[in-house]
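The residues making up each chain are set out below.
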Amino acid sequence: MKAKLRRLLSWEGLLLAILVLVAAVNANLAPAYVSLNNQINLFQLSIEKIIVALVMTFIIINGEIDLSVASVMGLAACIVAVLFDRGVPMEWAIVVALLAGVLCGAFNGFWVAYVGLPSLAVTLAGMIGFRGVARILIEDRSIGGFPAWFTALGQQPLIGPFPFSLILFALLFTLALIVLQYSGVGRLVYVIGHNAAVARYSGIDVPRLKLGLFIASGLVAALAGVLLAARLGAVRGNTADGFELDIITMVLLGGVSIFGGTGNLAGVGLSILVILNLRNGMSLLNVTGNVQTGVVGMLLILSVLLPNLAQMARERWQRRAVQRKEVQTGVETSVSS
Amino acid sequence: MHTWRQRMRPEQIRELSLVGLIVIALLIFGWQIENFLSARTFNRITSSVAIVGMVAIGQTLVVLTRNIDLSVGSIVGFTAYFVGSQLAANPGLPPVMAVVLAVLTGGALGLVNGLIVAYGRVPAIITTLGTLAIYRMLLINYANARTITVDSLPSWVVELSRQTIFTIGDFAVRPLFAITIAAVVVFQFVLAYTVFGRRLYAIGSNPEAARFAGLPAQRTVLAAFVLCGMLAGMAGFLFLARFGNITAVAGQGIELESVAAVVVGGVNTFGGSGTVLGALLGAFLIDLLGQGLLRWLGISEFWRDALLGLLILLAVASDSVILGWLRRIWAAPALRAEVSNEG
Amino acid sequence: ACTPQSQTPAPTSAPAPTSAPAPTSAPAPTTAPTGGVVSATPGLDINMILLPKFLGIAVFDQAYEGAKEAHAELGNKGNLIFTGPTAENSVAGQIETLTNAATQGVKAVMLSNNAGDQIAAAAQAAQAAGVKVVTWDSPIPSAQGESVFVAQVDFNETGRVMADMALSILGPQGGEFAILSASPDAANQNAWIASMKQVLAEPKYANLKLVDTVYGNDQSEESYNQALALVDKYPNLKLIMAPTTVGIAAAAKAMTDEGLCDKVKVSGLGLPSEMASYTLSGCAPQFALWSFKDLGYLTYYLAYGLATGQLQGVEGERFNAGRMGSYTIEKDPTRPNGLRVLMGPFTVYTAENVNK
Amino acid sequence: MQGAPVLEMRDISRRFGSTQALAGVSLRLYPGEVHALLGENGAGKSTLIKIMTGVHQPDSGQILLDGRPVRIGSTLEAQRLGIAAIYQEPLMYPDLNVAENIFIAHAGRGPLVDWGKMYREAEAILAQLDVRLDVRQPARGLSVAAQQTVEIAKALSLQVRVLIMDEPTAALSAHEVEQLFAIVRRLRAQGVAILFISHRLEEVFDIADRITVFRDGRLISSAPRADVTVEQAIRDMAGRSVEQLFPRRHTVRDEVLVQVRDLGRQGAFHGVSFDVRAGEVLGFAGLVGARRTDVGLALFGIAPADQGTITIAGQPVRITNPRQAMRHGIAYVSEDRRGLGLSLPMSIAANITLPTLRRYLNPLGLLRRPAETDTAEEFRRRLAIRAPSVEVEVGKLSGGNQQKVMLSKWLNTRPRLLILDEPTRGIDVGAKAEVHQMIDDLAAEGIAIILISSDLPEVLAMSDRVLVMREGRQMAVFTRHEATQERVLAAAMGQRDAA
Ligand SMILES: Nc1ncnc2c1ncn2[C@@H]1O[C@H](COP(=O)(O)OP(=O)(O)OP(=O)(O)O)[C@@H](O)[C@H]1O
Ligand SMILES: Nc1ncnc2c1ncn2[C@@H]1O[C@H](COP(=O)(O)OP(=O)(O)OP(=O)(O)O)[C@@H](O)[C@H]1O
Ligand SMILES: [Mg+2]
Ligand SMILES: [Mg+2]
């Protein structure tokens with residue numbers, strides 16, 4: 001446990017070191033980086049993704065994956081827009097969109113938890129299908145002109161300089177942290193993620209928990225979709241298209257194992273900061289999108305690869321030291337015998 | 001004693017159930033869509049399955065070892081572009097050399113993946129999520145926004161996708177499809193009858209046991225990635241031949257298509273079971289569904305994706321239901337035999 | 001990706017754009033009185049960003065070539081930055097660049113908008129922070145947050161050009177045809193398709209029957225398959241009209257590969273370099289496009305003038321765009337609140353001129 | 001002592017983190033000799049053999065093969081040197097069939113697989129073991145015993161000079177053990193050196209030529225069997241004397257707690273009927289594959305019964321999932337510790353509180369860590385779990401200590417009916433005695449216990465009545481007095497007994 005703790009600390013320590021490095025380089029090369037405005041922008045630009053990354057952390061630790069989140073975001077945004085367009089009051093449109101998210105999550109969860117299909121397959125189908133439903137609703141239109149309070153929610157500061165979504169993220173992060181690290185549900189998420197059979201044999205209702213997680217994922221994704229609609233002020237059929245890979249990248253860089261059972265939110269929080277700051281810095285330096293993505297890709301690989309290589313080198317070095325000793329003792333024995 | 005139950009492996013049953021689903025889909029589309037059951041449909045599907053199918057073979061090898069390769073789309077794009085630009089620059093390059101170049105390029109990119117995964121012990125999804133972006137970045141910098149155009153390619157490349165090897169009635173077998181089928185045959189054999197192939201299954205089935213038993217797990221996983229890269233490179237060549245115009249975004253999204261094919265094709269995403277034939281059938285089923293929905297007059301463009309998602313889910317679900325049902329029939333007689341022995 | 005659109009008159013007839021393209025480089029000093037032609041003072045120091053939909057597509061690079069040319073001509077001491085998002089992250093990436101532009105102290109962003117109205121909020125914020133947003137190729141549909149749109153051609157005319165090409169390929173007896181567009185979310189393509197549908201209502205085009213609109217998402221693979229599916233779905237199809245360079249090339253290749261060129265022709269907006277062999281083979285007898293290089297060049301001149309405060313960006317203003325002559329900022333007839341500068345014309349390519 | 005040793009381990013030490021698993025141990029294996037290795041859980045036996053087979057590298061010390069120093073870097077190298085092992089925890093490839101599981105690791109069979117030949121050879125090896133197993137059946141779903149059999153077949157399929165068997169009999173019942181010993185004797189006659197590890201002392205004294213005892217990573221004694229007595233061996237292992245078999249008190253009460261009639265599940269078992277009274281231990285005996293586990297799983301709701309009735313304290317109940325079973329006071333301690341019993345990367349405390357997690361939550365659903373720790377500490381004391389703290393990962397404990405954690409986990413549910421499936425599998429004499437004592441104490445508290453065990457002496461000693469199964473059928477129920485080794489075995493092997 002202590003060793004594990006140390007390893008975890010070192011993982012997070014590594015991320016923290018990277019973060020400090022990134023921030024230092026950014027501040028040096030792009031003076032605008034340190035402004036409060038930029039720091040808020042940096043969150044604001046990806047706020048929907050990082051909100052979804054929180055619940056994705058639960059799903060991946062639980063040994064599953066949800067590829068459909070971006071499509072659920074798009075669907076929720078389209079529902080809000082289409083209903084609003086048809087004259088439904090915005091408040092109700094939002095409620096319906098969130099319910100749709102719950103339904104999508106329940107749909108995924110049903111097939112995964114109760115039918116036992118692999119979540120990769122189910123949510124891959126969901127990714128195509130939910131986006132398709134959004135497409136049916138909105139077709140080739142672009143819908144905007146939302147009420148001022150709604151767009152203000154996504155674009156204007158609410159308390160001090162902080163916009164609503166950022167405050168919401170802070171709250172959700174705290175909540176997620178408490179649930180995952182300190183609650184019974186969190187404990188079960190880990191146990192099931194590592195070995196669902198053990199959980200089942202311990203009398204835990206594994207399907208119910210999985211269903212719950214997928215519903216949470218759908219709900220949070222829908223919420224993020226609504227926020228995205230508010231921030232952008234207009235919705236199209238491809239809103240939030242392709243976000244899933246970014247979201248999963250954030251979670252994995254946070255040290256969460258794709259096989260489930262390990263990882264924690266502190267790591268994910270740090271990895272989000274690293275990715276956002278890195279991208280922001282590059283963006284300020286006018287590095288193109290492809291290079292940005294490539295650099296994040298390299299970071300993703302190197303952050304796992306380098307510690308592994310160091311570990312292997314250390315092991316080899318230790319073994320060599322032992323062998324040297326061994327050779328000596330071998331000589332002694334043969335002399336003495 | 002040795003009834004069909006003992007002769008057949010579960011994977012073969014799975015393949016049969018996929019064939020069943022394909023037949024059902026064909027019948028439904030044939031009933032709903034005029035002229036659907038025609039040689040033309042066959043030709044369409046076979047030629048468009050050729051590329052995804054080729055990638056899906058490699059994806060199967062990797063997924064069998066409990067890994068995944070998300071960079072294949074970028075490898076396909078990179079290879080198509082790179083080979084295309086080489087051919088544009090040296091139109092005299094012999095066809096064999098062009099293919100070899102494609103396969104080697106893909107193999108080199110696969111080697112990078114494999115080294116990082118097998119020897120650097122970085123989880124495959126992280127590695128290939130990274131190289132997905134990195135290879136694409138390299139391609140865009142290399143391409144510098146130039147486009148490979150049909151006109152710049154030697155005519156044999158462009159015409160490859162127009163030729164037919166032989167025809168039966170109106171059914172034409174195209175070179176691209178033939179190449180993919182040949183690859184499926186080879187790798188079906190490799191998986192079933194070679195020690196290397198069986199090791200892929202063993203490693204995916206229980207990596208810990210494989211390590212314990214001293215199987216050369218690292219080398220085998222590396223080989224799987226290299227082969228996957230080579231097949232993706234080959235697919236890149238097919239891509240070039242089929243589409244001619246290659247931009248820096250070529251091949252984007254093939255990674256998910258290949259994963260979908262593999263998943264629908266019954267390859268276990270947790271490794272250890274599945275076949276390349278299954279993956280090809282999976283690709284075939286998805287393409288068939290796509291084609292059918294495209295051509296179904298009553299279905300608007302905007303309904304297609306929603307239905308496709310639903311159908312993929314149903315295919316996976318019914319496959320698993322059918323399989324579970326078959327497994328049960330399989331297990332029951334074994335027990336009855338035992339019990340009756342005793343009496 | 002690309003998005004050709006255009007507006008010039010009928011193929012053969014001479015171009016007569018609405019705004020007079022007379023290359024009268026009128027002498028207009030720094031301050032432009034209304035009615036005069038503004039010639040921007042060269043040699044100032046402003047940073048400008050040319051922001052395409054995404055990187056890796058030839059036409060955007062051509063636009064960059066043009067912008068670079070103008071950048072050099074004007075002797076801008078600042079930087080011209082060509083940056084763009086990845087294709088799959090296009091919307092979010094464009095918004096990010098626009099948002100960061102103000103932070104960076106960039107004075108103008110030249111945007112080929114891929115985000116529809118979703119980018120309006122970010123564009124408004126950028127304008128408020130002192131960044132001029134000039135769109136080219138594809139505008140912000142609501143025109144919110146946009147100073148001026150540099151229209152490659154008149155969007156309403158594009159429909160007519162496509163209809164004319166269809167008519168000239170199919171002849172007076174007409175027949176069925178279908179549209180293969182980029183994505184349902186591409187504002188410029190949607191506008192062209194809408195205008196074409198309007199034009200088709202005229203009696204002259206009564207025999208042209210539009211049977212379907214499908215989307216290939218500007219991917220060769222998808223466009224290719226969609227083109228073939230159209231042929232299968234509509235046995236009497238005679239023509240595929242693809243107002244996208246990726247779509248038209250893929251459709252032409254598909255028809256050629258399947259030996260369908262005799263039956264089904266391909267037309268639309270395409271790059272001559274990609275289309276020449278199909279035009280010569282008769283598969284794609286006619287297609288149209290404008291010069292993306294000129295588009296980049298013109299956009300740069302306009303953006304430079306606006307960003308340096310020498311142009312106000314109001315209706316009726318005229319300015320000088322180097323080798324291309326002078327242009328007028330006018331109301332955009334296709335977007336109620338929008339202003340545009342119309343470049344035009346576009347060239348219709350046939351077997352005679354495709355290889356020039 | 002016949003001539004020179006094949007394999008000699010000299011001064012081997014190995015440390016895992018803060019645990020010194022082995023401290024300067026030396027051992028010699030001679031051809032044609034069965035060398036038994038004894039020691040409590042965690043004494044370092046498995047560690048030593050993992051070093052012999054190249055799974056672990058020693059920190060210091062030397063390995064000599066035929067007198068020459070060798071370095072064994074991997075299992076394959078060990079195999080090439082003629083050293084093979086059957087590990088304590090079977091490691092199957094669940095997707096491969098039985099024959100492939102046996103042959104997959106064989107080096108140098110050429111690049112192609114000859115399926116026909118492989119099936120024939122696999123069948124031949126299993127026939128030697130007198131095991132009926134379909135070689136084409138996937139390994140997924142094989143019982144632990146069947147898996148162990150496949151492990152044995154795997155080792156036998158190699159032409160080995162040194163065969164190491166780490167508790168090969170733990171999952172086997174008397175009949176299979178006899179079968180295995182016949183093979184061991186044959187190999188011994190062929191000059192193979194055999195290192196045999198077991199916690200069943202009767203077996204060890206039956207088969208071994210030499211007995212070596214480890215304690216706390218050190219070699220305590222090593223002598224020919226003739227020179228050692230059971231008591232002495234136990235004293236060496238434990239460092240004190242231990243009463244080997246715990247005398248059962250009679251605690252059976254009158255009230256019938258659980259009544260089962262005609263229980264069955266399609267494809268698994270049928271016609272099982274029995275009563276268990278409060279304070280009674282009902283033993284389940286049978287050969288491997290007798291489907292005793294399946295009966296336990298039906299009572300616990302994992303694989304619910306589809307025929308028959310269950311009555312608990314007079315109330316008919318339907319049990320379709322483990323939660324219902326737990327609500328009725330039923331607990332099931334699985335035979336598959338690593339796969340089904342314990343969450344290996346979690347702490348001892350987290351494992352113990354898993355089924356009863358609700359008790360450790362505050363009204364907000366947050367964990368009350370101190371309460372959890374208290375419970376875990378209590379069990380650590382009560383069951384003498386050897387671990388530095390209750391925060392230690394369970395995966396790091398030795399098999400016996402893991403077993404104790406698993407027992408704690410279920411005792412903490414305060415069950416009325418406790419189903420113990422092979423509760424002493426793989427645990428040492430001392431711990432076994434403790435478990436037996438615990439069973440007795442629990443019975444005395446009025447808990448009804450079903451004891452599924454393949455260790456026949458244990459079943460006979462601990463049970464008030466013994467139910468014998470064979471291939472999904474109930475063959476007989478014996479009272480304590482009727483249940484003799486012969487009668488139980490006869491019933492288990494298919495002869496109906498009038499009793
Ligand atoms: N991989 C490992 N990491 C950390 N500690 C280990 C590891 N393997 C073994 N140990 C520790 O080393 C000691 C010796 O363990 P070993 O498995 O050799 O015991 P054993 O004698 O085989 O016990 P048992 O009879 O229970 O199988 C134990 O304290 C165990 O916890
Ligand atoms: N012949 C068989 N065919 C299929 N599955 C079997 C067979 N034998 C055992 N199993 C499976 O293995 C598991 C445990 O087996 P079972 O209950 O038969 O063993 P058991 O009698 O408890 O013997 P032991 O506990 O000694 O291994 C069960 O889940 C059962 O389904
Ligand atoms: Mg051991
Ligand atoms: Mg059992």
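Basis of the calculations
Residue numbers here run from 1 along each chain, matching the order of that chain's written sequence. Just so you know, chain letters begin at A and ligand numbers begin at 1, following the order they were written in. Thresholds applied to this predicted model are a pLDDT of at least 70 for local features of residues and 80 or more for the giving and counting of side-chain atom pairs; totals over whole chains, interfaces and linings are not thresholded and use all residues. Heavy atoms from the whole structure form the basis of all side-chain values; hydrogens and water molecules are not counted. Note on conventions: DSSP H or I runs of at least 4 residues are helices, E runs of at least 2 residues are strands, and numbering of each starts at the N terminus. Only protein chains enter the accessibility calculation, which uses a 1.4 Å probe. A residue is then buried if its area is under 20% of the maximum for its type, exposed if over 50%, and partly exposed in between. Two cysteine sulfur atoms make up a disulfide if the distance between them is within 2.5 Å. Every axis in this analysis is a line fitted to C-alpha atoms, fitted for helices over the stretch in contact. Angles between the N-to-C directions lie between 0 and 180 degrees. With respect to orientation, any angle under 35 degrees is reported as roughly parallel, any angle over 145 as roughly antiparallel, any angle of 65 to 115 as roughly perpendicular, and every other angle as oblique. Two helices crossing with the near one rotated counterclockwise from the far one by less than a right angle form a left-handed crossing, whereas a clockwise rotation gives a right-handed crossing. Any pair of residues with heavy atoms lying within 4.5 Å of one another is described as a contacting pair. Throughout, the ten residues Ala, Val, Leu, Ile, Met, Phe, Trp, Tyr, Cys and Pro are labelled nonpolar, Asp, Glu, Lys and Arg are labelled charged, and all others, Gly among them, are labelled polar. UniProt positions are given in the numbering used here, feature names are shortened, and annotations may be inferred rather than shown by experiment. Only buried Ala, Val, Leu, Ile, Met, Phe, Trp, Tyr and Cys residues count toward a nonpolar core, and they belong to the same one when joined by side-chain atoms within 4.5 Å. Residues are called lining when one of their atoms sits within 4 Å of a cavity or pocket point, these points coming from a 1 Å grid over the protein atoms alone, where a cavity is a set in which a 1.4 Å probe fits but cannot get out and a pocket is an open set with protein on both sides within 12 Å along at least five of seven lines. Grid points are joined across faces, edges and corners, and a volume is the space filled by probe spheres set on the points. Listed donors are limited to N, O and S atoms within 2.8 Å of the metal, widened to 3.2 Å for Na, K and Ca; water is not among them, so incomplete-looking sites are possible. Once two parts are brought into contact, the accessible area they lose, counted with a 1.4 Å probe and summed over both, makes up the buried area. Definition used for salt bridges: Asp or Glu carboxyl oxygen within 4 Å of a side-chain nitrogen of Lys or Arg. Here a polar contact is taken to be a pair of N or O atoms separated by no more than 3.5 Å, where protein atoms must pair a possible hydrogen donor with a possible acceptor and residues adjacent in sequence count only if both atoms sit in side chains. We call two strands paired when DSSP finds no fewer than two bridges between them. For this analysis, a ring pair means two rings from Phe, Tyr or Trp (six-membered ring only for Trp) whose centres lie within 6.5 Å, classed as stacked if their planes differ by under 30 degrees, edge-to-face if by over 60, and tilted for the remaining angles. Whether a charge lies above a ring is judged from NZ of Lys or CZ of Arg, which has to be within 6 Å of the ring centre and within 35 degrees of the ring normal. All domain edges in this entry derive from an automatic or database-based domain assignment.

1. Points about the overall build of chain C
Part 1 of the argument: A count of helical and extended segments in chain C gives nine helices and 15 strands.
Part 2 of the argument: Counting the 356 residues in chain C, one finds 67% classified as buried.

2. Thoughts on the state of the cysteines
In protein structure, a disulfide is the covalent linkage between the sulfur atoms of two cysteines.
Part 1 of the argument: Under the counting rule described, the total for this entry stands at one disulfide over all chains.
Part 2 of the argument: Between Cys261(C) and Cys283(C) runs a disulfide, and the two sulfur atoms are separated by 2.0 Å. Every disulfide takes its handedness from the sign of the S-S torsion; for Cys261(C) and Cys283(C) that torsion is -75°, giving left-handed. Residue Cys261(C) is found in the loop between α7 (245-257) and β10 (265-268), and its partner Cys283(C) is found in the loop between α8 (272-281) and β11 (287-289); the two are separated by 22 residues along the sequence.
Part 3 of the argument: Owing to a relative accessible area of 14%, Cys261(C) belongs among the buried residues under this scheme.
Part 4 of the argument: With no disulfide of its own, Cys104(A) lies 12 Å from the sulfur of Cys78(A), the closest cysteine sulfur.

3. Here we look at the packing of helix α13 (residues 265-284) of chain A against helix α2 (residues 90-104) of chain C
Part 1 of the argument: Following both chains from N to C, one finds α13(A) and α2(C) inclined at 65°, their axes separated by 9 Å at the closest point. If you check the angle between α13(A) and α2(C), you find them roughly perpendicular. At the point where α13(A) passes α2(C), the crossing takes the right-handed sense. When α13(A) is examined against α2(C), the residues Arg279(A), Asn280(A), Ser283(A) and Leu284(A) are found in contact with a partner set consisting of Glu96(C), Asn100(C), Thr103(C) and Gln104(C).
Part 2 of the argument: Grouping the constituent residues of the contact of α13(A) with α2(C) by class yields one nonpolar, five polar and two charged.

4. Regarding the UniProt feature "transmembrane region" (unreviewed entry) in chain A
Part 1 of the argument: In the numbering adopted here, UniProt assigns the feature "transmembrane region" (unreviewed entry) to residues 51-84, 91-114, 120-138, 158-180, 211-230, 251-276 and 291-310 of chain A.
Part 2 of the argument: Annotated as residues 251-276 of chain A, this span is 58% helix and 0% strand, and its ends, taken at the C-alpha atoms, are 13 Å apart.

5. Quick notes on the nonpolar core
Part 1 of the argument: Ranked by internal contacts, the top residues of the largest apolar core, which has 392 residues, are Met255(C), Trp290(C), Leu302(C), Phe319(C) and Leu7(D).
Part 2 of the argument: In terms of residue count, helix α11 (residues 217-243) of chain B provides more of this core than any other element does, 17 residues in total.
Part 3 of the argument: In this structure, Leu7(D) is in contact with Leu27(D), Arg28(D), Leu29(D), Met52(D), Ile63(D), Leu64(D), Leu65(D), Ile83(D) and Val162(D), ignoring residues within four places of it in sequence.

6. Here we look at empty space enclosed by the protein
Part 1 of the argument: Tallying each qualifying case throughout the model produces 10 cavities of 30 Å³ or more.
Part 2 of the argument: Considering only enclosed or pocket space, the largest cavity measures out at about 240 Å³ in volume.
Part 3 of the argument: What lines the largest cavity is a set of 19 residues, and nearest its centre among them are Ala213(B), Gln79(D), Ala85(D), Tyr87(D) and Lys154(D).
Part 4 of the argument: Elements with a contribution of two residues or more to the lining of the largest cavity: α10 (207-212) of chain B together with α2 (75-80), β6 (83-86) and α5 (144-156) of chain D.
Part 5 of the argument: Classifying every residue of the lining of the largest cavity by side-chain character gives 13 nonpolar, four polar and two charged.

7. Quick notes on the coordination of the magnesium ion (ligand 4)
Residues and elements named next belong to chain D.
Part 1 of the argument: Each protein donor to the magnesium ion (ligand 4) is listed here as Thr293 (OG1), Glu335 (OE) and Glu335 (OE); together their distances run 1.8 to 2.7 Å. On the criterion of sequence distance, the pair formed by Thr293 in helix α9 (residues 292-300) and Glu335 in the loop between β16 (330-333) and α11 (337-341) is long-range, its members being 42 residues apart. A single burial state applies to Thr293 and to Glu335, both of which are buried.

8. A short note on the interface of chain B and chain A
Think of interface size as the accessible area that goes away when the parts come together; that is how it is often given.
Part 1 of the argument: Contacts between the two partners involve 37 residues from chain B and, on the opposite side, 36 residues from chain A.
Part 2 of the argument: For the pair chain B and chain A, the two sides together bury roughly 3,300 Å², of which 85% comes from carbon and sulfur.
Part 3 of the argument: In terms of surface lost to chain A, no three residues of chain B exceed Ile126(B), Phe302(B) and Leu313(B), which account for 20% of the buried area on that side.
Part 4 of the argument: The interface formed by chain B and chain A includes zero salt bridges.
Part 5 of the argument: In this structure, the connection of chain B to chain A is made through two residue pairs in polar contact (both at pLDDT 80 or more).
Part 6 of the argument: Among the elements of the structure, α5 (95-119), α6 (124-143), α12 (254-264) and α14 (304-342) of chain B are those that each provide at least two residues to the side of chain B that touches chain A.

9. Side note on the sheet that holds strand β4 (residues 60-65) of chain D
Residue and element names in this part refer to chain D.
Part 1 of the argument: Read from one edge to the other, the open sheet built from four strands follows the order β2-β1-β4-β5, with strand pairing classed as antiparallel. Of all the strands in the sheet, the pair left with one neighbour each is β2 (19-29) and β5 (68-70). Across this sheet, the average inter-strand angle for adjacent strands is 30°, counted without regard to direction.

10. Description of the sheet that holds strand β9 (residues 237-242) of chain C
Residue and element names in this part refer to chain C.
Part 1 of the argument: The strand order across the open sheet built from four strands is β8-β7-β9-β10, with neighbouring strands paired in parallel fashion. The strands lining the two open edges of the sheet, one partner per strand, are β8 (208-215) and β10. In this sheet, adjacent strand axes meet at a mean angle of 25° when their direction is disregarded.
Part 2 of the argument: Summarising the sheet, β9 and β10 pair through four bridges and their orientation is parallel. From the neighbouring strand, Met241 faces β10, where its bridge partner is Ser267.
Part 3 of the argument: Strands β7 (175-181), β8 and β9 of the sheet are contacted by helix α5 (residues 187-200), whose axis makes an angle of about 165° with β7.

11. Overview of the packing of aromatic side chains
Part 1 of the argument: Summed over all chains, the structure comprises 37 aromatic pairs over all chains.
Part 2 of the argument: With a centroid separation of 5.4 Å and an interplanar angle of 50°, the aromatic rings of Phe29(B) and Phe36(B) are classed as tilted. Of the two residues, Phe29(B) and Phe36(B), both sit in the buried class.
Part 3 of the argument: Note on Phe78(B) and Phe82(B): the rings are 6.1 Å apart at their centroids and 20° apart in plane angle, and the pair reads as stacked. In this pair, Phe78(B) and Phe82(B) are both assigned in helix α4 (residues 72-89), four residues apart and thus about one turn of the helix distant.
Part 4 of the argument: Given a relative accessible area of 13%, Phe78(B) falls into the buried group.
Part 5 of the argument: Joined through ring pairs, the aromatic side chains of Phe149(C), Phe155(C), Trp192(C), Trp290(C) and Phe292(C) make up one cluster.
Part 6 of the argument: When the ring centre of Tyr201(B) is taken as origin, the NZ or CZ atom of Arg198(B), which lies over that ring, is 4.4 Å away.
Part 7 of the argument: Over the aromatic face of Tyr119(D) sits the side chain of Arg136(D), whose NZ or CZ is 4.1 Å from the ring centroid.

12. Quick word on the environment of Phe84(A)
Residue and element names in this part refer to chain A.
Part 1 of the argument: Here Phe84 is to be found in helix α4 (residues 69-85).
Part 2 of the argument: On the basis of relative accessibility, which here comes to 22%, the residue Phe84 falls in the partly exposed class.
Part 3 of the argument: C-alpha of Phe84 to C-alpha of Ala199: the two residues are 115 residues apart in sequence and 45 Å apart in space.
Part 4 of the argument: The contact partners of Phe84, leaving out residues within four places of it in the chain, are Met90, Ala93, Gly144, Gly145, Phe146 and Pro147.

13. Considerations on the domain arrangement of chain A
Residue and element names in this part refer to chain A.
Part 1 of the argument: Domain parsing of chain A yields domain 1 (2-287) and domain 2 (289-330).
Part 2 of the argument: The straight-line distance from the C-alpha centre of domain 1 to that of domain 2 is 32 Å.
Part 3 of the argument: Across the contact, 13 residues belong to domain 1 and 11 residues belong to domain 2.
Part 4 of the argument: Together domain 1 and domain 2 conceal approximately 1,100 Å² of surface at their shared face, both sides included; 78% is due to carbon and sulfur atoms.
Part 5 of the argument: By the criterion of area lost to domain 2, the three top residues of domain 1 are Leu253, Arg279 and Val287, representing 40% of everything that side buries.
Part 6 of the argument: Taken together, the links from domain 1 to domain 2 amount to zero salt bridges.
Part 7 of the argument: On the surface where domain 1 and domain 2 come into contact, there are two residue pairs in polar contact (both at pLDDT 80 or more).
Part 8 of the argument: Those elements giving two or more residues to the side of domain 1 that touches domain 2 turn out to be α1 (2-29), α12 (243-253) and α13.
Part 9 of the argument: Here the side of domain 1 that touches domain 2 takes six residues from α13, the largest share from any one element.

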